[in-house]
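# Overview (structure and organization)
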Amino acid sequence: MKTAAYICGGCGIAERLDTGRLAKLAEREGKINMVRQHPFLCSTEGVQAIRDDIEKEGATHVVLAACSRRAKTEAFHFPGVALTRANLREGVIWVQPATDDARELAQQMADDYVRMGCAEVTRMMVPAGNPQTGKNKRILVVGGGISGLTAALAAANAGYETLIVERTPQLGGWAGALYRRIPDREPFRDPADTDVAALVDAVASHPRIGIHVGATVAKTSGAPGRFTATIASAKGEIIEEVGAIVQATGFTPYDATRLAEFSYGKSPDIVDQAGLERLAKSADGRAIARPSNGAPVKTVVFVQCAGQRDDSGRHLPYCSGFCCAASIKQAMYFKDASPAINTVVIYTDLRVPGNGEDFYRSAQAKGITFTKGKVSAVEPDGTVRFRDLILDEESAIEADLVVLATGQVPNSGVNIEAPDQENANGLKPISVLNLDYRQGRDLPQLRHGFSDSHFICFPYETRRTGIYTAGPVRRPMDIAQAAEDATGAALKAIQAVENAQLGRAAHPRSGDLSFPIVRLDGCTQCKRCTVECPFGAIEEEARGFPVFNESRCRRCGTCMGACPVRVISFENYSVDSVAAQIRAVEVPDETEEKPRILILACENDALPALDMAGMQRLSYSAFARVVPVRCLGSVNVSWITDAINAGYDGIMLMGCKHGDDYQCHFVKGSELAAYRMSKVEDTLKQMALERERVATYEVAITDIERLPRLIDEYAKTIERIGLSPMKGFA
């Protein structure tokens, strides 16, 4: 190991800090072999100087004391070198006032960050990469509707072999049963051709796409780059090797027979939207007749939100998004055939995402009536009873045909957290992927049955690395949204197979070559790492020891945080590397009356928010010291103990929001950390320390102004309760 530290003077650092003092500190206290100062490290000359030291002087471990680790990542990219960053710009000079009084406190912050960087880098190793690389780049798409076809075509056109598995005898899905589709481009005036036949032909004739229809996935095992899928059909079973999977299994319409108040099933003249599409296809441009007797339709009523947005607990609690535009499209079937047909859409709220109000305005121009009302009943004779929400009175319309806008129920498979639970249609789902995972056969689901995904940052990502969801199985959507969704999922699948071949992590740490290493001679077989891993990356061997599937691992470090005996680590991130940073901070004794606050900040939301606070020159307490962590789930309780024993006066943990609408990039990390920290309170009590000494916060990347306030408020709390009594024992 040969260490090198580089102190940058650019962006005002040299004007605000004594960089010579920092250089001496790195050399003397940090024990760094080579220490250089440069006026602008990110300049061509500065970067070349670092490269020269790596190539000619043999530097293997590098500390850059300059800007945030999130800045200048391309310039400061040195493969094969252990690299850490000491944040002097966003973390010090940009968050401290430029006054003479604040100068020494800012210098002390900078001193500590250089100490921390030097301590960390000596505990790091250069990751060698995952030895269990997967070479297969073929992509399996489960589902042959719009989402699946689009995903397969996108991957194939990008040069990747693709395989489609569709459970029905033909491709096309629900879109194939439509007469027309909602327009997806200007002028948003009329229903558009579905183009499903052309899409199916393009897929069927593509040389890089294989197709299994009338088939299901009987078993899925393996990991990114080396999945094995058993495809079952009437002809038998076939084993297919694939590198990544896109689940695009679509939806089933909400069962309208569950809407007793709307008389579905009691009259053929009361249909759902899918039923009307069948009638329109049969009519093929002619006027749609009443199913009961073939008579002309003089009045048709569309009932919006039929069994949706229901707060009674009996029907769907959510909005399916596409239904309003679908009813507008279907109402046009009647008006385009005969302008004399009385066409009424009864709605509570009208939502037409993707086309503004153009499609709605076109419907108005064609004479379609929109009535804001709440339908209470549809009688078998076609009488629609509703409360007019504009006139605030009860009203009724006698219709020849009634169309119920029911919603989408996702075909997500078995809910692994409640395997015997029925779906919204009252049916017990069958498995879609039949995963060979200890956590369950299908993908985890959100509370309404949609496949789990990080809907803000990684919308296609699931908790099974290398497996992505797209289309209405992920959230309610229309055809245009499903096609866009499918393209995104295909791109993520491509990223997964490319990373797998190189032994690198998938998102959100895409490109990371590290992976968890466990020292089995110290393992107590407690199984906490196995149970707490959000991604099913850890199995157990016969003796109960953990077995890591590195290709499934997202490198979040949740297992490391869970381990009570600290035998799990990463080459470039470990219990020891963070503990060394905590210990490297110079903690003043009680006579100096300068508290020290440790901030363990999630690198995905909290750290960017702190950086942006610096960019906006929002100051916060100079007594805070920030240690970035991969995820709050990686925080080991030993770090809290180390900080308390070292005399820190307070510890702040900043992680992402958790719960049903979580924002944690690693799904469960911040939730697990909050649970672990709740146990720390008992330890604090036993040590006669105030519970305020350790505080956990949910933060978002947008909390740019809030975080400096949180830190300052916490500093006032420490001032109120006093300095830690542990200082005398540090």
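Residues numbered from 1 in each chain as written. Predicted model: local features only at pLDDT ≥ 70, side-chain atom pairs only at ≥ 80, totals over all residues. Heavy atoms only, no water.

The next subject is the domain arrangement of the protein. Considered domain by domain, the protein is made up of domain 1 (1–126), domain 2 (139–252 + 410–501) and domain 3 (255–406). The gap between the C-alpha centroids of domain 1 and domain 2 is 47 Å. (Domains from an automatic or database assignment.)

Moving on: the side chain of arginine 463. Within the fold, arginine 463 resides in the loop between strand S20 (408–410) and strand S21 (467–469). Those residues within four positions of arginine 463 in sequence are excluded, and the remaining contacts are Glu417, Pro444, Asp452, Pro534, Phe535, Arg554, Val667 and Lys668. (Helix = DSSP H or I, 4+ residues; strand = E, 2+ residues; numbered from the N terminus. Contact = heavy atoms within 4.5 Å.)

This next bit is on the packing of aromatic side chains. Inspection of the entire model under this criterion finds eight aromatic pairs. Relative to phenylalanine 251, the ring of tryptophan 174 has its centre 5.9 Å away and its plane inclined at 20°; by these criteria the two rings are stacked. With a gap of 77 residues between them, tryptophan 174 in the loop between strand S6 (162–166) and helix H7 (196–204) and phenylalanine 251 in strand S12 (residues 251–253) connect regions that are remote in the sequence. Judged by relative accessible area, phenylalanine 251 falls into the buried class, the value being 16%. In this structure an aromatic cluster arises from ring pairing among Trp174, Phe251 and Phe322. Directly above the ring of tyrosine 179 sits arginine 180, whose terminal nitrogen or CZ lies 4.3 Å from the centroid. A cation over an aromatic ring shows up here: arginine 630 above the ring of phenylalanine 570, its NZ or CZ 4.7 Å from the ring centre. (Phe/Tyr/Trp six-rings, centres within 6.5 Å; stacked < 30°, edge-to-face > 60°. Buried < 20%, exposed > 50% of the residue type's maximum accessible area, 1.4 Å probe, protein only. Lys NZ or Arg CZ within 6 Å of the ring centre and 35° of its normal.)

Gaps left between atoms show up when a probe the size of a water molecule is rolled over them. If you walk through the whole model with that rule in mind, you get eight cavities of 30 Å³ or more. Empty space within the largest cavity amounts to approximately 220 Å³. Forming the boundary of the largest cavity are 19 residues, of which Arg85, Asn87, Tyr113, Val626 and Pro628 lie nearest the centre. Elements supplying a minimum of two residues to the lining of the largest cavity: strand S4 (82–87), helix H4 (89–93), helix H5 (100–121), helix H15 (606–615) and strand S27 (624–629). Considered class by class, the residues forming the lining of the largest cavity number eight nonpolar, six polar and five charged. The space that makes up the second largest cavity amounts to roughly 110 Å³. Forming the walls of the second largest cavity are 19 residues, and the residues nearest its centre are Cys523, Cys526, Lys527, Cys529 and Pro546. Ranked by residues supplied to the lining of the second largest cavity, first place goes to helix H12 (residues 528–532) with three residues. Residue composition of the lining of the second largest cavity, grouped by class: 12 nonpolar, four polar and three charged. (1 Å grid on protein atoms, 1.4 Å probe; cavity = no way out; pocket = protein on both sides within 12 Å on 5 of 7 lines; lining within 4 Å. Points joined across faces, edges and corners; volume = space filled by probe spheres on them. Nonpolar A, V, L, I, M, F, W, Y, C, P; charged D, E, K, R; others polar.)

Let us look at the state of the cysteines. The full count for this structure, using the stated rule, is zero disulfides. Here cysteine 323 is not disulfide-linked; the sulfur of cysteine 319 is the nearest cysteine sulfur, at 6.2 Å. What makes cysteine 323 buried here is its relative accessible area of 5%. (Disulfide = S-S within 2.5 Å.)

Within the largest apolar cluster, 100 residues are counted, with the highest numbers of intra-cluster contacts made by Trp639 and Ile640. For this core, the element with the most residues is H5, which contributes nine residues. Residue contacts for tryptophan 639: discarding those within four places in its chain leaves Met560, Tyr573, Ser574, Val575, Val578, Ala579, Ile582, Val629 and Ser634. Ranked by size, the runner-up nonpolar core spans 33 residues in total, among them Leu149, Leu199, Tyr460 and Ile479. (Core = buried A, V, L, I, M, F, W, Y, C linked by side-chain atoms within 4.5 Å.)

One open sheet holds the seven strands; their spatial order is S13-S19-S14-S15-S16-S17-S18, and the pairing between them is mixed. Strands at the two margins of the open sheet, each flanked by one partner only, are strand S13 (270–272) and strand S18 (393–398). Taken pair by pair, the neighbouring strands of this sheet meet at an average axis angle of 40°, ignoring direction. As paired strands, strand S17 (residues 383–388) and S18 are joined by six bridges and run antiparallel to one another. Within S18, the position partnered with phenylalanine 386 by the bridge is serine 395. Against the sheet, helix H8 (residues 273–283) engages S13, strand S14 (299–303) and strand S19 (401–404), with an angle of about 100° to S13. Along the sheet, helix H9 (residues 323–337) makes contact with S14, strand S15 (342–347), strand S16 (369–378) and S19, crossing S14 at roughly 175°. (Pairing = 2+ DSSP bridges. Axes fitted to C-alpha atoms, helices over the stretch in contact; angles between N-to-C directions.)

Turning next to the packing of helix H2 (residues 19–28) against H5. Packing of H2 against H5 leaves a shortest axis separation of 10 Å and a crossing angle of 30°. What the angle tells us is that H2 and H5 run roughly parallel. Crossing geometry of H2 relative to H5 is assigned as right-handed. Each of Arg21, Leu22, Leu25 and Ala26 in H2 lies in contact with H5, whose residues at this interface are Glu104, Gln107, Ala110, Asp111, Val114, Arg115 and Cys118. Here the residues of the contact of H2 with H5 are counted per class, giving six nonpolar, one polar and four charged. (Parallel < 35°, antiparallel > 145°, perpendicular 65-115°, else oblique. Left-handed = near helix turned anticlockwise from the far one by under 90°.)

So, about the packing of H9 against helix H10 (residues 358–365). Running from N to C, H9 and H10 point in directions that differ by 30°, and their axes come no closer than 10 Å. Between H9 and H10, the crossing angle belongs to the class labelled roughly parallel. For H9 against H10, the interelement crossing comes out left-handed. Where H9 approaches H10, its residues Ala325, Ile328, Lys329 and Met332 are matched on the opposing element by Phe359, Tyr360, Ser362 and Ala363. Looking at the contact of H9 with H10 residue by residue, the classes come out as six nonpolar, one polar and one charged.

Taking 1.5 Å per residue as the helical rise, helix H17 (residues 669–686) with its 18 residues ought to reach 26 Å, and the 27 Å between its terminal C-alpha atoms agrees with that figure. Where H17 is buried, its residues touch H12, helix H13 (558–562), helix H16 (637–645), strand S28 (650–655) and strand S29 (694–698). (Expected span 1.5 Å × (residues − 1).)

Time to look at unusual backbone geometry. Following glutamate 186, the chain continues into proline 187 via a peptide bond in cis, with omega recorded as 10°. Note the cis peptide between histidine 507 and proline 508, where omega equals -5°. Among the secondary structure elements, proline 508 is positioned in the loop between helix H11 (479–501) and strand S22 (517–518). For glutamate 593, which is not glycine, the phi dihedral falls at a positive 55°. Mapped onto the fold, glutamate 593 is located in the loop between helix H14 (575–584) and strand S26 (597–602). Given a relative accessible area of 62%, glutamate 593 falls into the exposed group.

This part takes up the environment of valine 375. Note on placement: valine 375 falls in strand S16. Overall, valine 375 belongs to the buried group, its relative accessible area being 13%. Counting along the chain gives 65 residues from valine 375 to glycine 440, while the straight-line C-alpha distance between them is 41 Å.

Here the focus is the sheet that holds strand S2 (residues 34–38). The strand order across the open sheet built from four strands is S2-S1-S3-S4, with neighbouring strands paired in parallel fashion. Looking at strand neighbours, the two that pair on one side only are S2 and S4, the edges of this open sheet. Here the average twist between neighbouring strands, direction ignored, is 15°. As judged from the six bridges shared by strand S3 (residues 61–66) and S4, these two strands associate in the parallel manner. Within S4, the position partnered with leucine 64 by the bridge is arginine 85. Along the sheet, helix H3 (residues 44–56) makes contact with strand S1 (3–8), S2 and S3, crossing S2 at roughly 170°.

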